[in-house]
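Here's the letter readout for the chains.
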Amino acid sequence: MRWLRTGRGPTPPAAGPVDVAGLTAAVASAGGDWDACEQLIDMLARTDADGDMKANRSGLSALGASPRAVVRIDQHIRYVPRGLEHHSPALTTMAANVTAGTASPIAIALGSMHGDGYVREAAVDAILREPDPLLVPFLVLRTADWVKGVRDRARAGLVLLLADDPATYLPAVLDAVPLVADRLRGGFVHDQIVATLLSATAPMRSKLPQAGGPAGRRLVIDVGLARGWWTTDQLVQTALHDPDVRSRSRAAEAAVKDAVWTRRRATVDRLAGVRHPEVRAVAVTGLVRLGHHTAVLRFLDDPAPLIRAIARDAARQTGTDALHHYRDALTTDTFTPGTIAGLAETGTPIDADLLRPLLHHNLPRTRTAAVRGFAALDPSRVRELISMLDDPSPAVIREATLALRPIASSLPPDLGWTLLTDSKRAERRRAGYRLLSLGDAYRQLRASLIAAVDTDARLARRAAADATSIVRDATGTTWRRRPRPHLQVSPDQLTELHQLANTAAAALTDETAQQLHHWLDSHDPGSPHPIIAPDA
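Here, residues in each chain are numbered from 1, in the same order as that chain's written sequence. The model is predicted, so local features are restricted to residues of pLDDT at least 70 and side-chain atom pairs to those at 80 or more, both for listing and for counting; the totals for chains, interfaces and linings are taken over all residues. Only hydrogens and water are removed before side-chain values are computed, so all heavy atoms of the structure are retained for them.

## Let's talk about the overall build of the protein chain
So, point 1. Every helix listed is a DSSP run of H or I at least four residues long, and every strand listed is a run of E at least two residues long, numbered separately from the N terminus. Check the secondary structure of the protein chain and you find 31 helices and 0 strands.
So, point 2. Counting the 536 residues in the protein chain, one finds 49% classified as buried.
So, point 3. The contacts in the protein chain between residues at least 6 apart in sequence include a share of 61% that link residues at least 24 apart.
So, point 4. For the protein chain, the exposed area adds up to about 26,000 Å²; of that, 54% sits on carbon and sulfur atoms. Between buried and exposed lies partly exposed: a residue is buried under 20% and exposed over 50% of the maximum accessible area for its type, with that area taken using a 1.4 Å probe on protein chains only. Any two residues whose heavy atoms approach within 4.5 Å are treated as being in contact. Working definition of accessibility: Shrake-Rupley area with a 1.4 Å probe, residue cover restricted to the visible protein chains.

## Description of the packing of helix α24 (residues 364-377) against helix α25 (residues 394-404)
To describe two helices that pack against each other, one gives the angle between their axes and the distance between the axes.
So, point 1. Viewed as axis vectors pointing N to C, α24 and α25 meet at an angle of 5°, and their least axial separation amounts to 9 Å. As judged from the angle between their axes, α24 and α25 are roughly parallel. The segment α24 lies against α25, with P364, R367, T368, V371, R372 and A375 engaging A395, V396, E399, A400 and A403.
So, point 2. Residues are grouped as follows: nonpolar covers Ala, Val, Leu, Ile, Met, Phe, Trp, Tyr, Cys and Pro; charged covers Asp, Glu, Lys and Arg; every other residue, Gly included, is treated as polar. Here the residues of the contact of α24 with α25 are counted per class, giving 7 nonpolar, 1 polar and 3 charged. Lines fitted to the C-alpha atoms define the axes, with helices restricted to the stretch that makes contact. Angles between their N-to-C directions range from 0 to 180 degrees. Roughly parallel here means an angle under 35 degrees, roughly antiparallel means over 145, roughly perpendicular means 65 to 115, and every remaining angle is called oblique.

## Some details on the side chain of E399
So, point 1. Among the structural elements, E399 can be located in helix α25.
So, point 2. For E399, a relative accessible area of 14% corresponds to the buried category.
So, point 3. Throughout this description, a polar contact denotes any pair of N or O atoms lying within 3.5 Å of each other; where both atoms belong to protein, one of them has to be capable of donating a hydrogen while the other can accept it, and for residues adjacent in sequence the pair is counted only when both atoms sit in side chains. At 3.1 Å, the side chain of E399 forms a polar contact with the side chain of R372.
So, point 4. Dropping the residues within four chain positions of it, E399 is found in contact with T368, V371 and R372.

## Some points on helix α20 (residues 305-318)
So, point 1. With 14 residues, α20 should reach 20 Å at 1.5 Å per residue; the first-to-last C-alpha distance of 20 Å fits that figure.
So, point 2. For α20, the complete set of buried residues consists of I307, R308, I310, A311, R312, A314 and A315.
So, point 3. Those residues of α20 hidden inside the fold are in contact with α18 (277-289), α19 (293-296), α21 (322-331) and α22 (337-346).
So, point 4. Once α20 finishes, G319 follows within two positions and takes phi at roughly 80°, a positive value. One less than the residue count of a helix, multiplied by 1.5 Å, gives the span that helix is expected to have.

## Remarks on the packing of α25 against helix α27 (residues 426-436)
So, point 1. Between α25 and α27, the shortest axis-to-axis distance is 10 Å and the interhelical angle comes to 10°. Comparing their axes, α27 and α25 come out roughly parallel. For the pair α25 and α27, contact is made by P394, I397, R398, T401, L402 and L404 and by E427, R428, A431, R434 and L435, respectively.
So, point 2. Residue classes in the contact of α25 with α27 are distributed as 6 nonpolar, 1 polar and 4 charged.

## Examining the environment of S61
So, point 1. Mapped onto the elements of the fold, S61 is located in helix α3 (residues 53-64).
So, point 2. Overall, the relative accessible area of 35% leaves S61 in the partly exposed class.
So, point 3. Taking the C-alpha atoms as reference points, S61 and L135, 74 residues apart in sequence, are found 8.7 Å from one another.

## Some words on the nonpolar core
So, point 1. In these notes, a set of buried Ala, Val, Leu, Ile, Met, Phe, Trp, Tyr and Cys residues joined through side-chain atoms within 4.5 Å is what counts as a nonpolar core. Counting 125 residues, the largest nonpolar core has I73, F138, I193, L271, L385 and L389 as its most contacted members.
So, point 2. Element by element, the count of residues in this core is highest for helix α7 (residues 117-129), at 7 residues.
So, point 3. Not counting residues within four places of it along the chain, the set of residues in contact with F138 comprises L60, L63, G64, V70, A109, S112, M113 and I127.
So, point 4. In this structure, W417, L445, L459 and V471 belong to the second largest nonpolar core, which totals 28 residues.

## Looking at α27
So, point 1. The buried fraction of α27 amounts to 9 of the 11 residues, a majority that puts the element mostly inside the structure.
So, point 2. Residues A426, E427, R428, R429, A431, G432, Y433, L435 and L436 constitute the buried set of α27.
So, point 3. On its buried face, α27 is in contact with α25, α26 (415-420), α28 (441-451) and α29 (457-475).

## Digging into the pattern of salt bridges
So, point 1. The term salt bridge refers to a pairing of a side-chain nitrogen on Lys or Arg with a carboxyl oxygen on Asp or Glu at a separation within 4 Å. In total, this model carries 32 salt bridges according to the counting rule given.
So, point 2. Among the ionic pairs, D74 bridges to R142, the shortest N-O distance being 3.5 Å. Of the two residues, D74 is situated in helix α4 (residues 67-78) and R142 in helix α8 (residues 136-142); the sequence distance between them amounts to 68 residues. Side by side, D74 and R142 carry an identical accessibility label, which is buried.
So, point 3. Salt bridges here are not isolated pairs; linked through shared partners, they connect D353, R356, D378, R381 and E384.

## A word on the packing of aromatic side chains
So, point 1. Geometry of aromatic contacts follows a simple scheme: Phe, Tyr and Trp rings, the Trp one being its six-membered ring, pair when their centres are within 6.5 Å, and the pair is stacked under 30 degrees between planes, edge-to-face over 60, tilted otherwise. Taken as a whole, this structure holds 1 aromatic pair when the rule is applied.
So, point 2. On the numbers, 5.9 Å between centres and 85° between planes, the contact of W229 with W230 is edge-to-face. With respect to class, W229 is no different from W230; both count as buried.
So, point 3. Above the plane of the ring of W417 lies R446, whose end atom (NZ or CZ) is 4.3 Å from the centre. Any Lys NZ or Arg CZ found within 6 Å of a ring centre and within 35 degrees of that ring's normal is scored as a charge over the ring.

## Observations regarding the environment of R280
So, point 1. Tracing the backbone shows R280 in helix α18.
So, point 2. A relative accessible area of 9% places R280 in the buried class.
So, point 3. A C-alpha to C-alpha distance of 9.1 Å links R280 and A304, two positions 24 residues apart in sequence.
So, point 4. From its side chain, R280 meets the backbone oxygen of V274 in a polar contact 3.2 Å long.

## Some thoughts on the confidence of the model for the protein chain
So, point 1. Every residue gets a pLDDT, meaning the predictor's confidence in that residue, from 0 to 100. Confidence in the prediction for the protein chain averages 84 pLDDT; 88% of positions are at 70 or higher.
So, point 2. Within the model, the stretch residues 81-85 combines pLDDT values under 50 with 3 contacts to residues more than four positions away or in other chains.
So, point 3. Segment residues 528-536 is flagged for pLDDT under 50; beyond a separation of four residues in sequence, or across chains, it makes 16 contacts in the model.

Right under this line is the structure:
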């Protein structure tokens, strides 16, 4: 692959079977790093070189299905200095095939992202010669190209495709909306999609909200709502089944509004019983607007805070005491975690005694809610939650840690270290680390170096990042914004930190490890390095 800027040489080819879909997901998550992009391009190049058209189209489909990965690869291919020597032989070969008119679909897709405008223009021509829905996302990307010739050719071709066969190409264009949504010249695609939607037939429009990615479905739903395309039943189905939270919310709002106007309570009741809290909130509000305040009281124990607040407002309208409801439910065992949360939102410190027995309830979710409610009702007694750090449930330990963090400085000195060195339970080590991360520079650095080599990958990544941040603050230049950490250590502690730094070196970059040792040396009276004084 291409040579990296770090000078480490080319990224080695990925071994094993070609899993384009898996690596595409890796590239799409968090933007994808350089090595992941290199490996994905290498996989696509190997798939292209194999000559298997079925595998070629499968790899292209996996890449095109992830707009974020397409944008990341488009940026990655061009993020090199000028000159063909910085491109892999595979990319050079595919670019040559594109200009010669003999490229496969994968080569055309990657060629449409090439840094050479002539290659991109040739790729656009190849897409339009034999239109394929799998290649339309890459054509959409070029409608915002910075070269006018490439941009105009792609736009003209896209207009013709949508005019000739909208049923085939419009779903593919909808999926590609995120590709150019934030680009300088990205407004063309949005306007063209809206124009195509307005001229589409009703049967075709009715299928679009169930197809494509979330950005495309949102656009279709919004245009349809503005034009009055959707029936109440269609909106209810979208609110019930659409995987995108914004689409569900928009459809629920429109459906409930129509149901309130037409006094159809059955529709509102149906939406009020779904599991999605944003839909329930809209439906419960609809019940209030219909005047059915008594029917809303059953939502006093809802898991969602917003819905509980709406129900308590309805309770005030009917003269019902919500706090009495919560207290009574807890004394009669007719409660849920929502009941505990409601008591925490409305109760007084005295009510914390109602939650103390629930700290040992047999259900983890009840214990979790009890810990959260107990800390909210009476912060002065939060030290009683230290015992919950031994709970069998990771969720309970996590909630107890959150409750104890504000008083971390007053906890037993050895508590955090005992938790951090627990060899059996990662959730206890994470709890210990979170408590120690609020201490002074020595505690933070020691904890991060210990946890940087933890067997729990999530804890190790966080600790390594924290250690890097501490070192950068300590060795930063004068224009840094955060104050330098003030490290006060004894000779024995300094020796231990050096040993921990050696152990954690594999989890840190070489530069960070060197800076860390230099910083520690500066606190050794026998070191030739000057001591770094803390900021005033």
